[in-house]
Structure formats: structure tokens, C-alpha cells
Amino acid sequence: MNQMCVATYRSYDEKADFDKKALSIAVGLTVGSWTELPEARKAEMEKHLGKVLSVDVHEPACGERYADIRIAYPDINFSRDIPALLVTIFGKLSMDGKIKLIDLDVSEEFQSAFPGPKFGLEGVRQLLGVHDRPLLMSIFKSVVGHDLPNLQEQFYKQALGGVDLIKDDEILFENPLTPLEKRVEVCMEAARKAQQETGQKLLYAVNLTGPTSQLANQARKAIAAGANALLFNVLSYGYDVLHELSKDPEINVPIAAHPALAGAFYPSPHYGIGASVLLGKLMRLAGADLVLFPSPYGSVVMPKEENLAVKDALLAPSSTLRTSFPVPSAGIHPGLVPLILRDFGTDVVVNAGGGIHGHPMGTAAGGQAFRSAITAAMNGVPLREAAAQPGNEALQAAIDAWGSKE
Ligand code: 1AE
């Protein structure tokens, strides 16, 4: 049997004949027309024809009428790259009324063209030597307009707080004040200095930016300067660019995928691409080792069910793809750590910018408060109880500032 990739759509329409609509998608996005073809041509074209797998119509008492439609697309129709797949299954269709791509299952054959994350969750843990707890990532804030000594100082303070990873802010591009290679050099120097105090290894995900044609070269330069991770704004470049970077043998550091622009695709119930496909399945297929996305609890909120579907897509067992580290982000503070661990378990990166730099006792205390919160949540100790213990003053100050939820 031919290998097929299966797309699931949610289509809203008060009156439509959804069976007819499904057939028009299956035919329209593959062979174009079917009934008009002479019988001899049909035999030749059969292997290219999309198949309607199911049409489930929902007519809720209150709410809009919709159908979930599953269509299988023969792999023979498209090359082994994500742009070709996406244009086939949701190119023109994405503009054709109230329809959203809510799921995607690629065939084994299609998937075999993708090595996926080079490090993945286990590889990142291995690099850091941390296997028994959630990781903690800190985000540079106030980067635009700052010079190298300032960034180095900020980096050092973040590192002293006991974070495992530090990432650039996604809005820090190539600029004369903090050019990529110099930035890497001074930040890695700060990382070494902090490690002497904390004994802790640290990954610095430097933002890989610039014209697409220069990205691989920029990545090599960053790595030569000492970078041990990269941050990449995947959606502004396209999944195929991530795929090219992640499969490049010379780019031998983990890549963290930033979700910038994702809000243009997933939040509408009627249009776009579901978060589990956009930030889950496709990011992993394209090779992201870590994937950032909004959480259900912070300042930029994604509904919990959708959020957990992203996590599941990143962590689902696969015979060929390593898992990607889920990084629920945006507006995270120490008081949210018990919720994060409850929903994500320990294979998660707790990630914060404002929740670290905005700590009343300073940036280093911000990291320490998170580390205390992680230890408490892992031991099932309520945060307020943990905060009252000697040595946990930073956690107490964080809770006083932002509260706690558990
Ligand atoms: C969803 C991405 C979050 C992000 O990149 C970022 O910078 C968050 O910052 P805070 O933690 O909200 O200050």
C-alpha cells in the first residue's frame, strides 16, 4: 500500500454537506478532478488521489456546527520536505473559509527523511549532567541598546542564581553593540566564572538571526566563539530552515525553537494551524531540541488542553525521532512551579525572564527562588511552607511579590 500523510481539519459551516466538502478537498488538493477523467486515466491517477478517511459532524445544541475531516494524502505527490507537505495539505485550503488544520500524522516513509532533534531531551540533560529534576532557564531581558559589559554582568547574575540555561531575548538581533561572536565570548566567560562558584554547567542559547543564506555560517561562527546552544525564531524563517540547521553536522549544539509569530496561526478556533501541530509535531520533526510555547498559567495563556497536546507531541514515543524538551513560558514566576510540575512532570524546562530579573532581591535571587520552588514541588512540600525554611528567603520574597498557586 502507498504511504500516506494524514491531515485532520476542523471545518465550520451551518449548512455545508461535509461529505461533499471532504471529497472536494481530497480530490482538489491531489489530482484536481476525478469524475471527469476517462477510465484509463483514472487507473493511472489512482495512486495520486487523496482519500477521505472520516467525516465526523458535530451539531452542538449551542454553538456552531462543524465537522472533523480526515484526509490521507499519498506521499508520492510531494517531496520529502515540510514546505511541500504543508502546501499540499493546507496551502490554498487555509484560505478557503472557516477551516483549521488540527492534526497531522506523517507516514513512516516521510518521517524517515528527518533526523529530528540532534540532542533532544536526553541529550540536553546529558550535556548539563542533570537527570533528576526539571531544568531552569532564564531569559535575558533589557538587551536592546545595552553594551557587552552590561550583557556580561546580566549573564553572570543569571548564572549565579543556579539556572541551567540562559537564552537571549528573541528580539536581540545582530547589532553593533553586542555582535554575535563577541556576545558569545563575554557570556561564556561569565558562565565559566559563575561555574567556579556554583559548580554548575550552563548552556547559553544565543539568538541566531540574519538573512537565511547566512544563518549556517553565523551558527558556525557562534559555535567557534564558544556557543553551546542556539535560539531560533523558527516561524519567521520556516520549518525547512530549522531542518537544514539541525541536520547540519557542523551545528553540533542544541537548538531552542522560539514560538514568535505562533499567535498568528493557532489561537483562532476557525482558522490556522493547531498548536500541537505548529509548536509540537512540526518543531520536533524539523529538529528542535527544546520548544518554547505559552503556558496555561502565565501572562500569555494557551488553553490547558491545547498546551498539554503540545507537550504530548514533543514527548510522544517515536521509533526514529528523539523527544524535544517542552518549555512552557511567558509570565512564569516561582509560585507557578507546582502547577508546571503537576501538568508536565519533571521532563520540563521552567523558563522565566521577568520572574527572574524582577525578583525583589535581584536577578541571582530570582534564579535561587525558582530552584527552591522546584525542590519543594518535587518533594511535595507546599511552597509557602518551604519558603518559611531557613535559606529559602528568596522564595519567600518571590511569593510575597507574585503569590503562589498550588
Ligand atoms: C513564549 C515565549 C516567552 C519568551 O520568550 C519570553 O521572553 C518570556 O519572558 P517573560 O518570562 O514573560 O518575562
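Residues numbered from 1 in each chain as written. Predicted model: local features only at pLDDT ≥ 70, side-chain atom pairs only at ≥ 80, totals over all residues. Heavy atoms only, no water.

A. Molecular detail of the site of the ligand. In the vicinity of the ligand lie 13 residues, with Lys141, His258, Gly331, Gly353 and Gly354 positioned nearest. Contact between the ligand and Gly353: an oxygen atom at 2.8 Å from a main-chain N or O atom of the residue. Contacts to the ligand include Gly354, whose backbone N or O atom sits 2.7 Å from an oxygen atom. Contact with the protein chains removes 86% of the 380 Å² of surface that the ligand exposes when unbound. Considering only residue class, the shell around the ligand consists of four nonpolar, five polar and four charged. (Near = heavy atom within 4 Å. Polar contact = N/O pair within 3.5 Å; in protein donor to acceptor, adjacent residues only side chain to side chain. Areas by Shrake-Rupley, 256 points an atom, 1.4 Å probe, with all protein chains shown as cover. Nonpolar A, V, L, I, M, F, W, Y, C, P; charged D, E, K, R; others polar.)

B. Molecular detail of the nonpolar core. Among the nonpolar cores identified, the biggest contains 105 residues, and Tyr9, Ile89, Phe155, Tyr239, Leu279 and Met283 are the most heavily contacted of them. If you count residues domain by domain, this core takes at least three from each of domain 1 (4–111) and domain 2 (120–402). In this structure, Tyr239 is in contact with Ile82, Leu86, Val234, Val277, Leu278, Leu282, Met283 and Ala286, ignoring residues within four places of it in sequence. (Core = buried A, V, L, I, M, F, W, Y, C linked by side-chain atoms within 4.5 Å. Buried < 20%, exposed > 50% of the residue type's maximum accessible area, 1.4 Å probe, protein only. Domains from an automatic or database assignment. Contact = heavy atoms within 4.5 Å.)

C. Structural context of helix α12 (residues 304–315). With 12 residues, α12 should reach 16 Å at 1.5 Å per residue; the first-to-last C-alpha distance of 16 Å fits that figure. Regarding α12, the residues found buried are Asn307, Val310, Lys311, Ala313 and Leu314. The buried residues of α12 all sit within an arc of 160° when viewed along its axis, so they share a single face. Close packing links the buried residues of α12 with α11 (275–286), β11 (290–294), β12 (325–329) and α13 (337–344). (Helix = DSSP H or I, 4+ residues; strand = E, 2+ residues; numbered from the N terminus. Expected span 1.5 Å × (residues − 1). Arc of directions from axis to C-beta.)

D. The arrangement of a nonpolar patch on the surface in detail. On the surface, Val144, Ile171 and Phe173 cluster together into a nonpolar patch covering about 290 Å² of accessible area. Looking at the secondary structure, you find Ile171 in the loop between β6 (165–167) and α7 (180–198). Ile171 sits in the partly exposed class, given a relative accessible area of 45%. (Patch = residues over 30% accessible without salt bridge, like charges linked within 9 Å, V, L, I, M, F, W, Y side chains within 5 Å. Salt bridge = Lys/Arg side-chain N within 4 Å of Asp/Glu carboxyl O.)

E. Quick peek at the packing of aromatic side chains. Applying the stated criterion across every chain, the model contains nine aromatic pairs. Centroid distance Phe110 to Phe114: 5.2 Å. Interplanar angle 35°. Geometry classified as tilted. Like Phe114, Phe110 is buried. Centre to centre, the rings of Phe293 and Phe344 are 6.2 Å apart; their planes meet at 40°, and the pair counts as tilted. Note that Phe293 is positioned in strand β11 and Phe344 in helix α13, a separation of 51 residues in sequence. According to the relative accessible area criterion, Phe293 is buried, its value standing at 1%. Judged by relative accessible area, which is 5%, Phe344 ranks as buried. The side chain of Lys193 reaches across the aromatic face of Tyr156, ending 4.1 Å from its centre. (Phe/Tyr/Trp six-rings, centres within 6.5 Å; stacked < 30°, edge-to-face > 60°. Lys NZ or Arg CZ within 6 Å of the ring centre and 35° of its normal.)

F. Representation of the side chain of Ser11. Among the structural elements, Ser11 can be located in strand β1 (residues 4–12). For Ser11, a relative accessible area of 0% translates into the label buried. With sequence-adjacent residues up to four places away left out, Ser11 is seen in contact with Phe18, Lys21, Arg65, Tyr66, Ala67, Ile69, Lys98 and Ile99.

G. Up close: unusual backbone geometry. Although it is not a glycine, Ser142 adopts a positive phi angle of roughly 55°. For Ser142, the location among the structural elements is in the loop between β5 (135–139) and α6 (148–160). A positive phi angle, near 85°, is found at Leu261, a position not held by glycine. With respect to the secondary-structure elements, Leu261 resides in the loop between β9 (255–258) and β10 (272–273).

H. Layout of the pattern of salt bridges. All told, the structure shown has 21 salt bridges when counted by the stated rule. In this structure, Arg125 and Asp347 form a salt bridge, with 3.0 Å as the shortest nitrogen-oxygen distance. A residue pair is termed long-range when its members are at least 10 positions apart, and Arg125 in helix α5 (residues 120–128) and Asp347 in the loop between α13 and β13 (349–352) qualify at 222 residues. What emerges from the salt-bridge pattern is a single network uniting Asp103, Asp105 and Lys281.

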